[in-house]
Amino acid sequence: MSSLKDRLRADLTTAMKARDEVRSSTLRMVLTAITNAEVAGKEQRELTDDDIIGVLSTEAKKRREAAVAFEEGNRPEMAAKEAAEGEVIADYLPAQLTETEIADLVTSAIAQTGAAEEGMRAMGKVMGVVSPQVKGRADGGAVAAEVRRQLG
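This write-up is about the structure you can find in this document. (Residues numbered from 1 in each chain as written. Predicted model: local features only at pLDDT ≥ 70, side-chain atom pairs only at ≥ 80, totals over all residues. Heavy atoms only, no water.)

**Quick notes on unusual backbone geometry**
- Unlike most non-glycine residues, R19 shows phi in positive territory, near 60°.
- Looking at R19, the relative accessible area reads 71%, which means it is exposed.
- Although it is not a glycine, N74 sits at a positive phi angle of roughly 60°.
- Positionally, N74 belongs in the loop between α3 (49–72) and α4 (76–90).
- A relative accessible area of 66% means that N74 is categorised as exposed. (Buried < 20%, exposed > 50% of the residue type's maximum accessible area, 1.4 Å probe, protein only. Helix = DSSP H or I, 4+ residues; strand = E, 2+ residues; numbered from the N terminus.)

**So, the packing of helix α5 (residues 99–113) against helix α6 (residues 123–134)**
- Axis separation between α5 and α6 bottoms out at 9 Å; the angle between their running directions is 135°. Between α5 and α6, the crossing angle belongs to the class labelled oblique. The element α5 and its partner α6 pack so that their crossing is right-handed. Along the contact surface, α5 presents L105, V106, A109, I110, Q112 and T113, while α6 presents K125, V126, V129, V130, Q133 and V134.
- Residue composition of the contact of α5 with α6, by class: eight nonpolar, three polar and one charged. (Axes fitted to C-alpha atoms, helices over the stretch in contact; angles between N-to-C directions. Parallel < 35°, antiparallel > 145°, perpendicular 65-115°, else oblique. Left-handed = near helix turned anticlockwise from the far one by under 90°. Contact = heavy atoms within 4.5 Å. Nonpolar A, V, L, I, M, F, W, Y, C, P; charged D, E, K, R; others polar.)

**Overview of α4**
- An ideal rise of 1.5 Å per residue puts 21 Å on 15 residues; α4 measures up with 21 Å between its terminal C-alpha atoms.
- For α4, the full list of buried residues reads A79, E82, E85, G86, V88 and I89. (Expected span 1.5 Å × (residues − 1).)

**Description of α5**
- Here α5 spans 21 Å end to end across 15 residues, near enough to the 21 Å set by a 1.5 Å rise per residue.
- Residues of α5 that are buried include every one of I102, A103, L105, V106, A109 and I110, and no others. One face of α5 carries all of its buried residues, which in axial projection span an arc of 165°. Exposed and oriented more than 90 degrees from the buried face of α5 are T100, D104, A111 and Q112.
- Lining the buried residues of α5 we find α6 and α7 (140–151).
- At the C-terminal side of α5, G114 shows a positive phi close to 65°. (Arc of directions from axis to C-beta.)

**Details of the pattern of salt bridges**
- Counted by the stated rule, this structure contains 13 salt bridges.
- For R45, the salt bridge identified is with D51, shortest N-O distance 3.4 Å.
- Judged by relative accessible area, R45 falls into the partly exposed class, the value being 43%.
- What makes D51 partly exposed here is its relative accessible area of 26%.
- The network of salt bridges with shared partners includes E59, K62, R63, K81, E82 and E85. (Salt bridge = Lys/Arg side-chain N within 4 Å of Asp/Glu carboxyl O.)

**Describing the environment of D50**
- Its location among the elements puts D50 in helix α3.
- Note: C-alpha distance between D50 and A95 (45 residues apart in sequence) is 14 Å.

In structure tokens, the structure reads:
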């Protein structure tokens with residue numbers, strides 16, 4: 001079993017004992033998403049820490065998008081709840097990259113692939129190099145925007 005999954009379960013127990021409703025409900029939800037990912041497909045499999053980080057990233061993105069939607073829908077209490085859940089999930093994700101770090105990674109990927117002359121046609125090539133480097137550490141949309149900007 002992965003150490004990250006063990007940590008999530010231990011933290012869930014701690015949160016339940018402390019009667020921390022937001023943390024315990026968020027961790028339950030995350031563990032359910034992990035279990036669903038494990039049983040998805042034709043065979044059940046054990047997720048690695050990297051796979052779990054992918055699930056956590058997806059869940060964090062859902063919380064960010066929901067918080068924005070609730071804000072736009074004039075539901076600040078629901079937006080605050082989603083944001084709080086996102087913060088709990090963020091505790092288990094690797095440190096997020098800054099815009100400067102993303103720009104540096106994209107610049108080196110463009111140089112590595114020789115995509116500077118090709119323009120936007122090389123976006124897939126550059127994203128193929130950058131995506132594994134930023135997995136779980138940056139939002140894919142932000143990375144794609146930076147690639148578009150530099151290939152422009």
